[in-house]
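Chains, contacts and geometry: an overview
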Amino acid sequence: MEFGFGPEDEAFRGEARAWLAARLAGDPVAGRDWERELGNAGWIGLGWDEAGYGNRTAPLTQQVVWAEEYARAKAPTRSGHIGENLLAPTLIAHGTADQKTRFLPPVARGEELWCQGYSEPGAGSDLAGVRTTAVRDTGSYRVTGQKIWTSLAREADWCFVLVRTQPESTRHHGLSFLLVPMDQPGRIEVRPIRQLTGTSEFNEVFFDGALARAEHVVGGEGNGWRVAMSLLGYERGVSTLAQQIGFAAELRRVVETAVATGAAADPVVRDRLVRQWAELRTMRWNALRTLGSSGGAGDAGDTGDAGAPSVAKLLWGGWHRRLGELAVQVRGAGATVGPAAWSAAAPYELDAFQHLFLFSRADTIYGGSDEIQRTIIAERVLGLPREPKG
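The residue numbers shown here count from 1 along each chain, following its written sequence. The predicted origin of the model limits local features to residues at a pLDDT of at least 70 and limits the giving and counting of side-chain atom pairs to 80 or more, whereas totals for whole chains, interfaces and linings rest on all residues. Values reported for side chains reflect all heavy atoms of the structure, with hydrogen atoms and water molecules removed beforehand.

**Some points on the nonpolar core**
Burial of nonpolar side chains together is a common tendency in soluble globular proteins. Put simply, a nonpolar core is a bunch of buried Ala, Val, Leu, Ile, Met, Phe, Trp, Tyr and Cys residues held in one set by side-chain atoms that sit within 4.5 Å of each other. Only protein chains enter the accessibility calculation, which uses a 1.4 Å probe; a residue is then buried when its area is under 20% of its type maximum, exposed when over 50%, and partly exposed in between. Trp48, Trp114, Tyr118, Phe160, Phe177 and Leu179 are the most contacted members of the largest nonpolar core, which has 27 residues in total. Contributing elements (two or more residues each) for this core: α4 (81-94), α5 (97-108), β4 (158-164), β5 (175-181) and α6 (224-233). Ranked by residues supplied to this core, first place goes to α4 with six residues. Those residues in contact with tryptophan 48 that lie beyond four places of it in its chain are Tyr53, Asn55, Thr57, Glu84, Ala88, Ile92, Leu104, Val107 and Ala108. We count a stretch as a helix when DSSP gives it H or I for four or more residues in a row; a strand needs E for two or more, and each element gets its number in order from the N terminus. When checking whether two residues touch, look at their non-hydrogen atoms; a contact exists if any pair is within 4.5 Å.

**So, the side chain of serine 140**
If you trace the backbone, serine 140 turns up in strand β3 (residues 140-147). A polar contact is formed between the side chain of serine 140 and the side chain of arginine 213, at a distance of 3.4 Å. Aside from chain neighbours lying at most four places away, what touches serine 140 is Val135, Arg213, Ala214 and Glu215. Whenever a nitrogen or oxygen atom comes within 3.5 Å of another N or O atom, the pair is scored as a polar contact, on the condition that within protein one atom can donate a hydrogen and the other can accept it, and that pairs from neighbouring residues in sequence are kept only if both atoms are in side chains.

**Regarding the packing of helix α1 (residues 7-24) against helix α2 (residues 31-40)**
Packing of α1 against α2 brings their axes to within 13 Å, and their N-to-C directions diverge by 145 degrees. Helix-helix and strand crossings are classified by hand; for α1 and α2 the assignment is right-handed. Judged by residue contacts, Trp19, Leu20, Arg23 and Leu24 of α1 engage Trp34, Glu37 and Leu38 from α2. When residues are grouped by polarity, Ala, Val, Leu, Ile, Met, Phe, Trp, Tyr, Cys and Pro land in nonpolar, Asp, Glu, Lys and Arg in charged, and all others, Gly among them, in polar. Each residue belonging to the contact of α1 with α2 can be placed in one class, and the counts come to five nonpolar, no polar and two charged. With axes taken as lines fitted to C-alpha atoms, and helix axes fitted only over the stretch in contact, angles between N-to-C directions fall between 0 and 180 degrees. Less than a right angle of anticlockwise turn of the near helix away from the far helix marks a crossing as left-handed, whereas a clockwise turn marks it as right-handed.

This is the structure:
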């Protein structure tokens, strides 16, 4: 299947561009208020397989159009994307009718925010090693344990949590996928994690087993691994193309800086700039090819469907990290000086390039490290012997 945009897609593009331009021309808005505006205008849930939950569906090409226009408009960072793009498709695939009716409409209206409780201190990329437990107790579950690197945990209303519900189980057996309300004072504690950049996008979450409760299990008790893996599959898709638009804007600023500082006169720097541009174009073509295929191994290329998300993660993670390194290189010695005088109250004042350099160090780690992605490709696509597990 060849991926391309037709007249209806371009009409949709005009609608999206006009709405974004009109709304972003007014007073700035973000967070929950922005999510509600998106929901009221019908922009949440375009990629859901089912309509009727307060969302309007759109074909894949129009989902791509919306993502691209959103990125080009420099619209506010989404706080509802985890609920829209991860939880909702998972509920549609594995949830009960009551669960869909309860949880999908508030996501479509932009009223409830979600976070993801997967990683733990001893189970990051090796997700099957989770130790957080849940025990049945009078119609609900008591949850005990710790999650880490939990984005939006301080703002979220709910968290989908992978837990161990069978005490003697190991690895991917005996896991369940629970929906846990975050508004449980004294039962759930959220601690921000300060990063190299001085910001705290990630958090630790502690569940007190004597008090923390959850009532909803998706896909049935003991089927958490299947549900969790299904959810991870939704992390690929049209968002990759929107991400690349942001990457292109960053690359353009790096090139402009290289010209302004004279760094572009260095043939080695020029070579790196051209390579970054060529690799970004290749990532776009690869993403379009993957989206345009029917998903089978023969259609998606040599990697097959099982390897496509891992290939994409390897490509963009390494690319973005190298761009951060290039950004400080073209700045020269000035890259070591912050935009404001140091003070104890604001010790982490960074300019855009410094932030890019520091934050992109994590791109090859979070969301599955490069080592894990290569293992997935080796075992599931190339058929190489499985890595020994301790």
